[in-house]
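Structure at a glance
Chain by chain, the residues run as shown.
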Amino acid sequence: MDDNIIRILISTDNHLGYMEKDPTRCNDSLASFEEALYTAKKSKADFTLLAGDLFHENKPSRRTLHGCIDLLRKYCYGSDPVYIEMLNEQSEVFKNRSGSVNYEDPFQSISLPVFAIHGNHDDPSREGGNETLSAMDLLSVSNMLNYFGKAEQVDNIDIVPILLRKGDTLVALYGLGAIRDERLNRMWNQRKLRFVRPPVDQNRDDFFNIFVLHQNRDYGRGAKNCVHESMIPEWMDLVVWGNEHECKTSLAESLVGTFRIYQPGSSVATSLVDGESSLSNPKHMGLIEIKSRKFRLNPIPYTQIRTFIYGDVNLSDLQYKLDKNDPKIEEKIKEILSKKVKSMIVTARQHSSEIVPYYVDMQIDGNTNNNNTNTNDNNTVVNTIHTGSSSYI
């Protein structure tokens, strides 16, 4: 491995606990989250970055919290060394009791650090009262992950970066947890939200700047109900955009043309929309590799996600089969829809059987595709992922 490359496994909107009472789908969110941690470990990522909504509920059940902690212990604890060094004052970024990153704790052995912000589902302010705490705070105080991007004030926010170094590569990681869009928009316009840059004498221009946020994107939602790309500082290099569940496997150039945007999408389908369809928008995690000021994205498809097919039927296109005056028209419509659903089920099963895990030894609890998975071409798939990536930007 190159000692100057920082490798970051990015996953977001894991929604742990979604449909946990459903006897069939109860383990789906945990299975995909486990695959992300497993892939980070196998890919020798320096750390995992979660861009919000780790949990589906602000108060996850004991079952969900237990499952999350169990996975973090399984994949993040170990004796392997961590090669990234934090350069700035850690207590400015981490608000846990120790005020430091978990992998520097002398009483714990962390081999895969996890850095995470909160989303709107696990927002600590939902609880109300003087103490704004959520399940993310519980994981932070127990040193399971490094929780950052939590605003201590409601009307004035200074976003202090996590300054990381590995060899000759420097990364400034900025994080902002979910805030109600209208309030955030107002603060941004009133200049009450500030990005704190490294001092000039600390090689400011040598840092690769990443901004992680969990807000609505400007998809026609209105001027005050989203974050506009023009609001983000031009000196950013990469923006990791959580909250939007539709997966984008390639980097998008910003409207201002100075930084690129990566939208990983959710790791589990929570809405019956085409944006979460396994065919239209198959879900991926992303492996970002940074060397000096250059970087590249390797999209890695999830294999432990239940296949979801989305389709529609326009009855106006079936006028030759339907007569609105037919007394049995409802039965005929039901028959047409039934055939459509059966056809979609066949497509879903075929798609599920074509999904191939990357690693022969992957054994994930709650596996959704093992019964129909062909593993004869594992090595080919691994080579496609790790050697067929794009060049550095």
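First, a word on what this report is: a plain description of the structure on this page.

1. Topic: the overall build of the protein
Check the secondary structure of the protein and you find six helices and 15 strands. Taking the contacts inside the protein whose residues are at least 6 apart along the sequence as the reference set, 72% of them involve residues at least 24 apart. Carbon together with sulfur atoms contributes 46% to the accessible area of the protein, which is approximately 19300 Å² in total.

2. Section: the sheet that holds strand β10 (residues 207-214)
Ordered in space as β3-β7-β8-β10-β11-β13-β12, the seven strands form an open sheet in which the pairing is mixed. Where the open sheet ends on each side, the last strands, each with one partner, are β3 (85-86) and β12 (252-253). Summarising the sheet, strand β7 (residues 162-166) and strand β8 (residues 169-176) pair through five bridges and their orientation is antiparallel. By the bridge assignment, Arg165 is partnered in β8 with Leu170.

3. Observations concerning the pairing of β10
Burial analysis of β10 places eight of its eight residues in the buried class, the great majority of the element. Of the two faces of β10, the one carrying Phe207, Asn209, Phe211 and Leu213 and the one carrying Phe208, Ile210, Val212 and His214 are both buried. Of the strand pairs in this sheet, β8 and β10 are connected by seven bridges, and their pairing is parallel. Bridge pairing links Gly175 to Val212 in β10. Where β10 lies against strand β11 (residues 238-242), five bridges are found, and the strand directions are parallel. Along β11, the bridge assignment pairs Ile210 with Leu238.

4. Brief notes about the state of the cysteines
For the structure shown, the criterion picks out zero disulfides. Cys76 takes part in no disulfide bond, and the closest cysteine sulfur to it belongs to Cys68, at a distance of 9.1 Å. On the basis of relative accessible area, Cys76 is assigned to the buried category, the value being 1%.

5. Description of the sheet that holds strand β14 (residues 284-291)
Read from one edge of the open sheet, six strands run β5-β4-β2-β1-β14-β15, paired in mixed fashion. Each having just a single partner strand, β5 (146-147) and β15 (294-301) make up the two edges of the open sheet. Where strand β1 (residues 5-11) meets strand β2 (residues 47-51), four bridges bridge the pair, whose relative direction is parallel. Residue pairing in the sheet places Ile8 in a bridge with Phe47 of β2. On top of the sheet, helix α1 (residues 28-42) reaches β1, β2, β4 (114-117), β14 and β15; it is set at about 170° to β1, its chief contact.

6. Examining the packing of aromatic side chains
This model, assessed by the stated rule, comprises ten aromatic pairs. Relative to Phe195, the ring of Trp188 has its centre 6.2 Å away and its plane inclined at 45°; by these criteria the two rings are tilted. Note on accessibility: Trp188 and Phe195 belong to one class, buried. Looking at Arg197, its charged tip hangs above the ring of Trp235, at a distance of 4.2 Å from the centre. Sitting over the face of the ring of Trp241, Arg217 holds its NZ or CZ atom 5.1 Å from the ring centroid.

What counts and what doesn't
Residues numbered from 1 in each chain as written. Predicted model: local features only at pLDDT ≥ 70, side-chain atom pairs only at ≥ 80, totals over all residues. Heavy atoms only, no water. Helix = DSSP H or I, 4+ residues; strand = E, 2+ residues; numbered from the N terminus. Contact = heavy atoms within 4.5 Å. Areas by Shrake-Rupley, 256 points an atom, 1.4 Å probe, with all protein chains shown as cover. Pairing = 2+ DSSP bridges. Buried < 20%, exposed > 50% of the residue type's maximum accessible area, 1.4 Å probe, protein only. Disulfide = S-S within 2.5 Å. Axes fitted to C-alpha atoms, helices over the stretch in contact; angles between N-to-C directions. Phe/Tyr/Trp six-rings, centres within 6.5 Å; stacked < 30°, edge-to-face > 60°. Lys NZ or Arg CZ within 6 Å of the ring centre and 35° of its normal.

In short, shape yes, function no, at least from these values alone.
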